[in-house]
Amino acid sequence: MASEKPSSTLSSKPSQEPTSLLSQMPSLFPTVISSVAPSLSIQPTTSLTPSSFPTQTPTHESFLPEATAFYAMGDIPYSTNEAKLLLNQMSDLSPDGVDFMVHVGDMTKASGSLGCSPEWFEMVDRVMSFSPVPIFPVIGDNDVADCDNPSQALQYWKLTFLKYHEKYWDHTFHVRYQKEREENMAFYHKGILYIFVHIIGTPKYYNTGNDEKDRLMEEEWKERHSDNWKWTKHNIEKYLAEPASLRTSTKKNKYNARGVVVLGHARPRTIHNDYFNPLEDIADKYENIPFIYIHGDGHTFDKSNLSKKIQSIQVEQGANEEPLRIDVNPFSSSLLVQRTNNNNRSNAFQTQRFRSTKTSIRKYEKKQNQNGKNKNKN
């Protein structure tokens, strides 16, 4: 059972504002977003047709595939204005046919007085709580690695966003967590395996010139990538049927996932090869299973091939576009990426809390301005 929306330290009494906050907020949405923009279809090597379903009932779930969809967003909010925009986006999203949402990292700018503070993360928490569907966040470099004290920032992030999907929403997801790195998670949902990993872009302290600091950073980087790969490999082997070419036993996999979606923050670069190279190798062994990697970091929408078998989708920066809706074809595991403007506003939010959250954002702005004045005096 989801908990009540917390009345955190950011709460305040509702101001005497009109019921409609949208009419009072600056127009921050992109000026040109078509109601139905061009769609992109990502097709697997082969399609799963109804005739290929087993005649007996599997032990795990119904053999009839179910349609599923989810939202993906990232690299937002970087400012209090973007927090206001995100508040509007969350409240406008339609939950129809959508099971969950993913935030692919970077909930803060990291630099200046805004980022890396528990107050900022609490404000983002309040804003994202308006989503009509559970949110699964991953860590971006701005959230932790780019902070002045990364280990402290990681603890702040975990206090607010670890197991975030359990905080406000009722759902039936059975989420598993990596023991060594609990921010890494995975779940199997309607025939698709979703794997979340802590993989980030180049942090600002990379190659600082300080030999000891660089050595520690490199050790952390390698250890994290090693944990990421162990987690990814473990879940692929658990939820996917063993390829015929490698089969060593007659034991059947009770899940038999028909697609894999990996979610992280980093736009793949050569410094990430120790994770993506083995991912490409294992994807090649599953000839009829599509693999998709969804990420942020690059701040523009992009669809490309990470390898012959792995499609890559880079999410547009959240300030420039509303969350992507990604629909999974129930019969082929293809993904249909819809870049749409969600005009059907969800009515499942409380107007009073909506106003209160806007007030919380203003209070945070006022506090930061006062802190800046105090520093100037000193």
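Residues numbered from 1 in each chain as written. Predicted model: local features only at pLDDT ≥ 70, side-chain atom pairs only at ≥ 80, totals over all residues. Heavy atoms only, no water.

Caption draft 1: Just the state of the cysteines, in detail. In the structure shown here, the tally under the stated rule is one disulfide. Across a sulfur-sulfur distance of 1.9 Å, Cys116 and Cys147 are joined as a disulfide pair. In this structure the cystine formed by Cys116 and Cys147 twists about its S-S bond by roughly -85°; its chirality is therefore left-handed. Here Cys116, found in the loop between β3 (100–103) and α2 (118–128), pairs with Cys147, found in the loop between β4 (135–137) and α3 (150–161); they are 31 residues apart in sequence, far enough to count as distant. Considered together, Cys116 and Cys147 belong to a single accessibility category, that of buried residues. (Disulfide = S-S within 2.5 Å. Helix = DSSP H or I, 4+ residues; strand = E, 2+ residues; numbered from the N terminus. Buried < 20%, exposed > 50% of the residue type's maximum accessible area, 1.4 Å probe, protein only.)

Caption draft 2: Structural context of the packing of α2 against α3. Following both chains from N to C, one finds α2 and α3 inclined at 25°, their axes separated by 10 Å at the closest point. Considering the angle they form, α2 stands roughly parallel to α3. Note that α2 runs across α3; the crossing there is right-handed. Contacts between α2 and α3 involve Pro118, Phe121, Glu122, Val124, Asp125 and Met128 from the former and Ala153, Tyr156, Trp157, Thr160 and Phe161 from the latter. Split by residue class, the contact of α2 with α3 holds eight nonpolar, one polar and two charged. (Axes fitted to C-alpha atoms, helices over the stretch in contact; angles between N-to-C directions. Parallel < 35°, antiparallel > 145°, perpendicular 65-115°, else oblique. Left-handed = near helix turned anticlockwise from the far one by under 90°. Contact = heavy atoms within 4.5 Å. Nonpolar A, V, L, I, M, F, W, Y, C, P; charged D, E, K, R; others polar.)

Caption draft 3: The arrangement of the sheet that holds strand β5 (residues 176–177) in detail. An order of β5-β6-β7-β8-β9-β11-β10 is seen for the seven strands of this open sheet, with the pairing classed as mixed. Pairing within the sheet leaves two strands with one partner each, and these edge strands are β5 and β10 (302–305). In terms of strand pairing, strand β6 (residues 185–189) meets strand β7 (residues 192–196) through five bridges, oriented antiparallel. Each bridged residue has a counterpart across the sheet, and for Ala186 the counterpart in β7 is Ile195. Its contacts with the sheet put helix α5 (residues 211–239) on β5, β6, β7 and β9 (291–295), and the angle it makes with β7 is roughly 165°. (Pairing = 2+ DSSP bridges.)

The values reported here are purely geometric and, on their own, carry no functional implication.
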